Amino acid sequence: GGNATYTLRLAKAIAKRTGANVSDVLKGKTRPSLYGIKKSGGDVASMDLGLRIDGELGRGVPILIDNVSDTGTTMSAAKKLLPDAKTVTHSKVSK
């Protein structure tokens, strides 16, 4: 958790096909997987992910990419920082 290496690779692959720019500027605290915390009965909805913008955004409308959507916590925190951003989710965990 807190490390978006796979998501960055996904963003670069999308950018290569679309001509979009990649700005790897959302950073967060190092933490365990939110899915793992939730699975063991922890409350992830109230967790402080420590997300912050660290760097310059490119031009245009930001697109937030989440490689897996399970709890929605990460995307919700990111949307608070970038409310006008579009969102893309690569995989969704089924309940």
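Everything discussed here concerns the structure shown above.
Every value quoted in this text rests on a predicted model; they were computed, and no experiment measured them.

Calculation criteria
Residues numbered from 1 in each chain as written. Predicted model: local features only at pLDDT ≥ 70, side-chain atom pairs only at ≥ 80, totals over all residues. Heavy atoms only, no water. Helix = DSSP H or I, 4+ residues; strand = E, 2+ residues; numbered from the N terminus. Rg over C-alpha atoms; globule rule 2.2 N^0.38 Å. Buried < 20%, exposed > 50% of the residue type's maximum accessible area, 1.4 Å probe, protein only. Contact = heavy atoms within 4.5 Å. Salt bridge = Lys/Arg side-chain N within 4 Å of Asp/Glu carboxyl O. Patch = residues over 30% accessible without salt bridge, like charges linked within 9 Å, V, L, I, M, F, W, Y side chains within 5 Å. Areas by Shrake-Rupley, 256 points an atom, 1.4 Å probe, with all protein chains shown as cover.

1. Looking at the overall build of the chain
Logical step 1: Looking only at helices and strands, the chain has three helices and four strands in total.
Logical step 2: Going from the N terminus to the C terminus, the chain shows its helices and strands as α-β-α-β-β-α-β.
Logical step 3: Against the compact-globule benchmark of 12 Å for 95 residues, the chain has a radius of gyration of 13 Å, which places it among compact chains.
Logical step 4: Overall, the chain is about 40 × 25 × 20 Å in size when its C-alpha atoms are taken along their principal axes.
Logical step 5: Relative to its full complement of 95 residues, the chain shows a buried share of 22%.
Logical step 6: Long-range pairs, those at least 24 residues apart, make up 58% of the contacts in the chain between residues at least 6 apart in sequence.

2. Brief notes about the pattern of salt bridges
Logical step 1: Per the counting criterion, the structure on display carries two salt bridges.
Logical step 2: The partner of Lys27 in a salt bridge is Asp24, with the nearest N and O atoms 3.3 Å apart.
Logical step 3: With a relative accessible area of 24%, Lys27 lands in the partly exposed category.
Logical step 4: Residue Asp24 is classed as partly exposed on the basis of its relative accessible area of 39%.
Logical step 5: In this structure, the salt-bridge partner of Lys29 is Asp48, at a minimum N-O distance of 3.8 Å. Of the two residues, Lys29 sits in the loop between strand E1 (26–27) and helix H2 (34–39) while Asp48 sits in the loop between H2 and strand E2 (52–53), which places them 19 residues apart along the sequence.

3. Regarding the environment of Leu82
Logical step 1: Relative to the assigned elements, Leu82 resides in the loop between helix H3 (73–81) and strand E4 (86–92).
Logical step 2: Linking Leu82 and Val61, residues 21 residues apart in sequence, is a C-alpha distance of 9.6 Å.

4. Examining a nonpolar patch on the surface
Logical step 1: Residues Ile14, Ile63 and Val88 make up a contiguous nonpolar surface patch of roughly 230 Å² in combined accessible area.
Logical step 2: Note on placement: Ile63 falls in strand E3 (residues 63–69).

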